[in-house]
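Spelled out from the first residue to the last, the chains are:
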Amino acid sequence: MGNNQSSGPAIQQVISVDEVKSRLKADELEHLEISYDELLSTPNRESFVEKAFLGFPEKFAERIYKLISSAGGKTSFDSVLSVLGTIVRGTRQEKLHMLFLMISSDGNKVSREEITQLFEDWESPVPQNLDLLFTVSEQCNFQHFAKFITKFSPSLGPFDWVLANDDYGFICTGLRTFMTYHKFLAEQASFTEKQVMALEKRYRRLRVLFSQTKRFDLDTLYLCFHPLYSFNFTRHFFRSLDLNGDGNIDCRELVIGLSAILEGEESFAKFVFTMFDSNEDGQLSGEELEVFSDVLGSFCVVSESLKLDLELLDADTELPAFTYWCSNNCSMYKFHSHLKNIVYVVFGVRPDLMFNIVRQWMEMESNIKLILGKTYYLASSQWFKGAGGPVNNTPLLILPNGTSTVNLSGAVTKPGFNGKPATPSITTEGGFLRQGLLHSVDYQIVSQVLWCTLEDWYGCSRPICRRAKLTTDGAVVLDLFPLKFTFYRSYCTMKAVEALKDGPVAVKTSIELGPMTADPPRHVLSYTGAFYCDDTLKSIILLLSNKLKVGREDLRLWRMLPNHKLALLEESDDKTLHDLGLTNSSKLLIEERNDDMSWPEEVANIINQNRVIDRRAPHARVNGTTGLNNLGNTCFMNSSIQCLSNTRPLSVYFLKELHLREVNMTNPDSLNGLLALRYGTLVKNLWSCTSRTIAPLKMRWTINKFAGQFNGFGQHDSQELLSFLLDGLHEDLNRVTNKPYTQIKDSAERPDAEVASEFWINHTARNRSIIVDLFHGQLKSTVRCMTCNHSSVRFDPFSSLSLPMPENENSIVKVFVVRLNPVNTFTQYCLWLNTEYTVNQIRKRLQAKVPEVKHFLFLHLEDSMIKRVVTMEEPLRNITFEIYAFELPGSGPEPEPYVMVYNRHYSTIDKYFFDWQHRQVSLFGIPFVIPSTVDLGQCQSEVLRSRICDYLTTLYSFDEEFAEELLFEVRRVKRGGRDCEICPWKELCYGHKMSEDDVLTSKVHYLTVDWSSAVVHLIRQYDDDVSVIQDASVAEAKRRQSQPVDLSACLNSFTKEEEIAEWYCSRCDSHMLASKKLDIWRLPPVLIIHLKRFSFEGGKWVKCQRTVSFPDSFDPSPFLVQSSQISLHDRMRTESVNHVVNTVLVERFRGGEEYDEVSIASLDDDEVINSNNQNPLEQSKNSLAYITNAMYSTTGKAAKNDARPFYDLYSVVAHTGSIGHGHYVSFAVNPNKQWYFYNDSQVKKTTKKRVLSEPAYILFYERRNLKLDDLLPSYAERNSPEEFNLDASVILKDVLSAADKEQRMCHVQ
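All of these numbers come straight from a predicted model, not from anything done at the bench.

Moving on: the overall build of the protein chain. When you go through the protein chain residue by residue, the secondary structure sums to 46 helices and 44 strands. Across the protein chain, contacts joining residues at least 24 apart in sequence account for 72% of those joining residues at least 6 apart. Carbon and sulfur atoms make up 49% of the accessible area of the protein chain, which totals about 61,500 Å².

Structure below.
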């Protein structure tokens, strides 16, 4: 509003707030205040347009918002009140002033363009007489504006509406009475509205208790009746209730069916007749009468008189004759009594004599044996003697001792009263019983259905349930005394939390540093629970997970032992509570994982070293199955370390303490040998099998010291940590003490084998360690100029292959086809299409599947409304929503005229600003199409109504009686389904009601079917049951989505040629467009494959959740460079020669010679041969070229042509969850050939099948048939530890001592 908004809202210039309040009534003002707080709790533009001025044209509402907002865009109740008061109770002059300010940009003048824009915002045509206002100038002031509007306002849409003298009002003055759903059902049956509400409540409860499909089908009804009534009787009873025959009983069908049983003899006879008229032909055949006789005989004794009575029913008996027979047969009275009892007890309809019905039902249940594993309820016998007031089971229970209660949130409350337990129970047992209770004397056993009825009719102070069990003598009895457990929760104190954050946790590195001053977690008595001996620990944890709303993996249980000791209960699928040794009154501690993925009890035990946790490894513990404590989001470190620990050659190297002889503390690139020493100690502890878990504190501190990026408690990348460990261990153990200078020469189109050998010699001249021997391979990188084809080739080393996740060129497009025939109206298709295709390709695919359909209309629906029409030219890459394809009528080249029909209903709201906003329209369901062609494209109202009724009746399977009662109005609307097609906006019309004379002459029209709220409630129930036919393409799409990406596809993507923007071409002497290609040239003995799941897209990191299928063994030969100059095996033989050359050159470097191409050329054959004849173990045989040669050749000769480098999977790092809330775990195969699952401190057996199905992130493969002796360095005294160099030992001890001292100083600071 220009200058007018500099000091406050412009509306303040029109009318004061006090003046508006004086014109409003007290109840109106109060209503507006309440509505403002509700609708504009966040007073922004969106709330104002979508809530406060709902129903106005959007752009016009935005103008009003600008009028009431200050310079900062803020609104207040006073400003909103001012504009509302002006519109509803303002004078003509005030309204004109408000309109002028809405139009003007500066508050002084308005232009022709500004007024024209107002008409467009109002969705109104610009009047021709507008030119009269601008005869002199293209701008006018308020005086000229007011005179013009006063003269021509009837022809000016927006001005006419605002200036009208109508008082729209703020409070809904007319009392509108709507037909409610329950009232609608009550009128169709003999129940009251209150009874219908109670019956609906019971209907929903039974569906929750007994339905396996969320539908009230035959199986659900049978579970309600079982074991009192047979399946045969249930099947016939279900048929009478299922009025539309869709295999599901909805609430309306239940109300009408049960009402028929209670109404009278005639309606009851009709209900029974329907039960046994299986073919629905209106007659009971001889076979159907025989079935009726069998069912009737199961309820009463089949006497001779009954047989004679049944003989009176002739075959093909119709309803009138059957009704007459029922009214004159005494046996039907007992059958009728049974059906009434079902209505009362199962469905909860209250009779006049409730207690008599309860006794009859209990007498029936007492004759039925208990069912093993089923749950029953107990009711005090004292209550049955009096049957007054709520069911009181207190006499059966052990009374609480008045201790404090701790609710599920952990808050302490006052002691319990009125027999309620002092500590809440997480199970539904209802309390613990006194000893010596006798059945029938002290308590009665009632079924779950009867107990629901007792609760509804009488109320209950304490439900008690027990499970039926099998005794040693084979009898089924109730287990009255299950195991009673008390559950404590572990709460970490603030002092402990601060101790964790002070430093990090890894500051506490050894016992010598002394315990940190942090309080241990508090163990608070929280719950009790009753469980049975055959329950499993898994079932208890699942129950706790649901009750506490905690993830299953974030919860575990400890057994609380004497002397404040804790023993972790390891979960097993088959072990019961009896197997775990848990007894009555056992105390269990619930431990919930911290936000940083650590466990409170473990962390407290590490900090305080109070030894409360039993860490001793069990007697049968397997070497290498020791867990690592999570020190605060350190799962990334634990998973990588466990995989490296299970790398057999590397662990043997450290366990034999060979690293102590190779620690290189003079290497400027090393970590002073500290990382190798720490890792060696950790590996030794992991394989010592003396503890269940280890806290890798020293390792954590060492990593943080040299790699600051891993500091803190945030989540980090496991692969980055692994890369740091390999690089750090290599530099700490590098056998090259003085790294020579090496020069990289251009490939100059020389043979690949020659260039590769040269690069490898350069690499091993500076890098020779156990890490290089095991993990380093070689990649060929080719960059080619796309202008002159000049190429440059490099052969770089790698320690792991980082493979990209391949991108799909195709995507799945979901399409719902809505047919003209409602019998098969909804069909879902999932089409696998290239994203570069257009929607026209969808049309072709659909017409191939449904050839009888010639025309489709593709729409994007949102909240049952057409958001937009999808054109044929739109590319599929833009389709991120489900497409609805509507069949259009017509078989010619163009579709015939049609009508799009919406389902709509009205609702009321209490918070609004204008009276007409009290009633709002809402769309529901999916629109449908009906042909509109009758005669020459004209369709009358009654024809349309008949077609709509037929369509809906078929679609929702309405029964005939209900279809005749369908009440709806047909209205003409715009495409959005909310606004009238005919009336202007200011009429506030939601749709013009079609009259008998209305005809539709256009090709496309939009109608709404307006339902009452009662019918809508029923239609939505039917809508849930409308089945969507799924095409075979849906299953195929699910298969494609679940089909994992093969590892070979990742390798192919890795080696795929790609373009790079700029590359300096030496031939072109300029930066040119080029292509780059990576190939695998040389593979190491231990191959690490990293799957690049994380990528930076759109300014944020995202994770690819696609599953990757990886083999447990594979042959990577197809992915190696296929050179025409040298075969794979010839290359291996060449590598053995390269190893010898490398060994001699290294010896020369040690003698002070420089490295250049002359050095290589000066090597004579005798020198190489002599070197090759030496003992390979004396030539530092862990050169990768030598290892490769040793595996595939003997005595320098090439291996057999059928030899192939097979690799076997031995370890996996998996990542679950999202990028910000994920968790790393690892899997590894033990030397005993058993796979194990490592989840921080938890280690348990697993299967190879599970490992291969995990969301892998890093894969570890070992070349088959590796020989450890060929990989480990050879020292004559390596088996004689006592001969170890004492000076070196002292130096290493000094290194560790200095590191410990540094850690101690960090802690003090």
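Continuing now.
Bridging between strand β11 (residues 483-491) and strand β15 (residues 587-592) involves four bridges; their strand directions are parallel. Looking across to β15, one finds that Phe487 is bridged to Leu588. Bridging between strand β13 (residues 555-561) and β15 involves five bridges; their strand directions are antiparallel. The residue bridging Leu555 from the neighbouring strand is Glu592, located in β15.

On to the side chain of Ser651, then. As for its placement among the helices and strands, Ser651 is situated in helix α27 (residues 648-655). With relative accessibility at 3%, the residue Ser651 sits in the buried group. If we ignore the near neighbours within four places in the chain, the residues touching Ser651 are Leu644, Ser645, Asn646, Val683 and Trp687.

What follows deals with the packing of aromatic side chains. Applying the stated criterion across every chain, the model contains 41 aromatic pairs. When the centroid spacing of 5.6 Å and the interplanar angle of 75° are considered together, the rings of Phe292 and Phe322 count as edge-to-face. Here Phe292, found in helix α16 (residues 286-297), pairs with Phe322, found in helix α18 (residues 319-327); they are 30 residues apart in sequence, far enough to count as distant. Given a relative accessible area of 0%, Phe322 falls into the buried group. Ring pairs connect the aromatic residues Phe225, Tyr229, Phe233, Phe237, Phe268, Phe271, Phe335 and Trp361, which therefore count as one cluster.

Looking now at a nonpolar patch on the surface. A contiguous nonpolar surface patch, about 330 Å² in accessible area, is contributed by Phe1096, Trp1101 and Ile1219. Its location among the elements puts Phe1096 in strand β36 (residues 1094-1097). Under the relative-accessibility criterion, Phe1096 is labelled exposed at 52%.

Looking now at the pattern of salt bridges. Summed over all chains, the structure comprises 44 salt bridges. Salt-bridge contacts for Lys739 lead to Asp669; the nearest nitrogen and oxygen are separated by 3.0 Å. Here Lys739, found in the loop between α31 (718-732) and α32 (752-766), pairs with Asp669, found in the loop between α28 (659-662) and α29 (674-686); they are 70 residues apart in sequence, far enough to count as distant. On the basis of relative accessible area, Lys739 is assigned to the partly exposed category, the value being 23%.

The next point concerns the nonpolar core. Soluble globular proteins tend to pack their nonpolar side chains together in the buried interior. In terms of nonpolar packing, the biggest core is built from 111 residues, with Phe233, Phe237, Leu258, Phe335, Leu339 and Phe347 touching the most fellow members. Tallying contributions element by element places helix α19 (residues 331-346) first for this core, with eight residues. Leaving out residues up to four positions away in the same chain, Phe233 has contacts with Phe225, Met275, Val295, Phe299, Phe335, Leu339 and Ile342. Judged by nonpolar contacts, the second largest core, of 83 residues, contains Cys643, Phe654, Met699 and Val1225.

This part covers the environment of Asn638. Inspection of the secondary structure assignment puts Asn638 in helix α26 (residues 635-645). The exposure class of Asn638 is buried, given its relative accessible area of 2%. C-alpha of Asn638 to C-alpha of Pro696: the two residues are 58 residues apart in sequence and 8.5 Å apart in space. Setting aside its immediate chain neighbours within four residues, Asn638 contacts Leu628, Asn629, Asn630, Pro696 and Asp1240.

What follows concerns the sheet that holds strand β26 (residues 898-908). With mixed pairing, five strands are arranged side by side in an open sheet as β27-β26-β30-β28-β29. Of all the strands in the sheet, the pair left with one neighbour each is β27 (919-931) and β29 (992-993). Pairing between β26 and strand β30 (residues 1004-1011): eight bridges, direction parallel. Looking at the pairing, Met900 lines up with Tyr1006 of β30.

Moving on, we get to unusual backbone geometry. A cis geometry characterises the amide bond from His226 onward to Pro227, with omega recorded as 5°. In this structure, Pro227 sits in the loop between α12 (218-225) and α13 (231-241). Even without glycine at this site, Glu657 takes up a positive phi of about 60°. Positionally, Glu657 belongs in the loop between α27 and α28.

Another aspect to go through is the sheet that holds strand β25 (residues 883-887). On the basis of which strands lie adjacent, the open sheet formed by six strands has the order β24-β23-β25-β21-β22-β31 and mixed pairing. Looking along the sheet, the strands with just one partner apiece sit at the ends: β24 (865-869) and β31 (1029-1030). When strand β22 (residues 826-834) meets β31, the two strands line up parallel, connected through two bridges. By the bridge assignment, Gln828 is partnered in β31 with Gln1030. In the packing of helix α38 (residues 1032-1042) onto the sheet, contacts are made with β21 (810-818), β22 and β31, and the angle to β22 comes to roughly 45°.

Among the surface-exposed residues, Asp27, Glu30, Glu33, Asp37 and Glu38 lie close enough to one another that they form a single negatively charged patch. In this structure, Glu33 sits in helix α2 (residues 26-39).

Moving on, we come to the packing of helix α10 (residues 181-188) against helix α11 (residues 193-210). Viewed as axis vectors pointing N to C, α10 and α11 meet at an angle of 110°, and their least axial separation amounts to 8 Å. Compared by their axis directions, α10 and α11 come out roughly perpendicular. Contacts between α10 and α11 involve Tyr181, His182, Lys183, Leu185 and Ala186 from the former and Glu193, Val196, Met197 and Glu200 from the latter. A breakdown of the residues in the contact of α10 with α11 according to their chemical character gives five nonpolar, one polar and three charged.

So, about the pairing of strand β41 (residues 1222-1229). Among the eight residues of β41, eight are classified as buried, and the element is accordingly described as predominantly covered. With seven bridges connecting them, strand β40 (residues 1207-1217) and β41 associate as antiparallel partners. Looking at β41, one finds that Ser1211 is bridged to Ala1228. Hairpin connection from β40 to β41: four residues lie between these consecutive antiparallel strands. In this structure, β41 lies alongside strand β42 (residues 1235-1239), joined through four bridges in antiparallel fashion. Across the sheet, Phe1227 pairs through a bridge with Phe1237, a residue of β42.

Compared with the 21 Å implied by 1.5 Å per residue over 15 residues, the 21 Å span of α31 between its first and last C-alpha is a close match. Taking burial as the measure, the 15 residues of α31 include twelve buried ones, the bulk of the element. Burial in α31 covers these residues: Ser718, Gln719, Leu721, Leu722, Phe724, Leu725, Leu726, Gly728, Leu729, His730, Glu731 and Asp732. Between a side-chain oxygen at the N-terminus of α31 and the backbone nitrogen of Gln719 the separation is 2.9 Å; the capping residue is Asp717.

Attention now goes to the environment of Lys854. Residue position: Lys854 is located in the loop between α34 (839-849) and β23 (856-862). Between the alpha carbons of Lys854 and Glu887 there is a distance of 8.0 Å; along the sequence they are 33 residues apart. Once you skip the residues sitting within four places of it in the chain, Lys854 turns out to touch Gln847, Gly890 and Ser891.

Within the protein chain, residue pLDDT values average 78, and 79% of them lie at 70 or more. Here residues 401-421 scores under 50 on pLDDT; set against residues more than four positions off or in separate chains, the count is 46 contacts.

Once that is clear, we can look at α32. Compared with an ideal rise of 1.5 Å per residue, which puts 15 residues at 21 Å, α32 spans 22 Å between its outermost C-alpha atoms and is within 8% of the ideal. Counting buried residues along α32, 13 of its 15 residues qualify, which places the element largely inside the surrounding structure.

The rules behind the values
Residues numbered from 1 in each chain as written. Predicted model: local features only at pLDDT ≥ 70, side-chain atom pairs only at ≥ 80, totals over all residues. Heavy atoms only, no water. Helix = DSSP H or I, 4+ residues; strand = E, 2+ residues; numbered from the N terminus. Contact = heavy atoms within 4.5 Å. Areas by Shrake-Rupley, 256 points an atom, 1.4 Å probe, with all protein chains shown as cover. Pairing = 2+ DSSP bridges. Buried < 20%, exposed > 50% of the residue type's maximum accessible area, 1.4 Å probe, protein only. Phe/Tyr/Trp six-rings, centres within 6.5 Å; stacked < 30°, edge-to-face > 60°. Patch = residues over 30% accessible without salt bridge, like charges linked within 9 Å, V, L, I, M, F, W, Y side chains within 5 Å. Salt bridge = Lys/Arg side-chain N within 4 Å of Asp/Glu carboxyl O. Core = buried A, V, L, I, M, F, W, Y, C linked by side-chain atoms within 4.5 Å. Axes fitted to C-alpha atoms, helices over the stretch in contact; angles between N-to-C directions. Lys, Arg positive; Asp, Glu negative; His and termini not counted. Charge placed at Lys NZ, Arg CZ, Asp CG, Glu CD. Parallel < 35°, antiparallel > 145°, perpendicular 65-115°, else oblique. Nonpolar A, V, L, I, M, F, W, Y, C, P; charged D, E, K, R; others polar. Expected span 1.5 Å × (residues − 1). Polar contact = N/O pair within 3.5 Å; in protein donor to acceptor, adjacent residues only side chain to side chain. pLDDT = per-residue confidence, 0-100.

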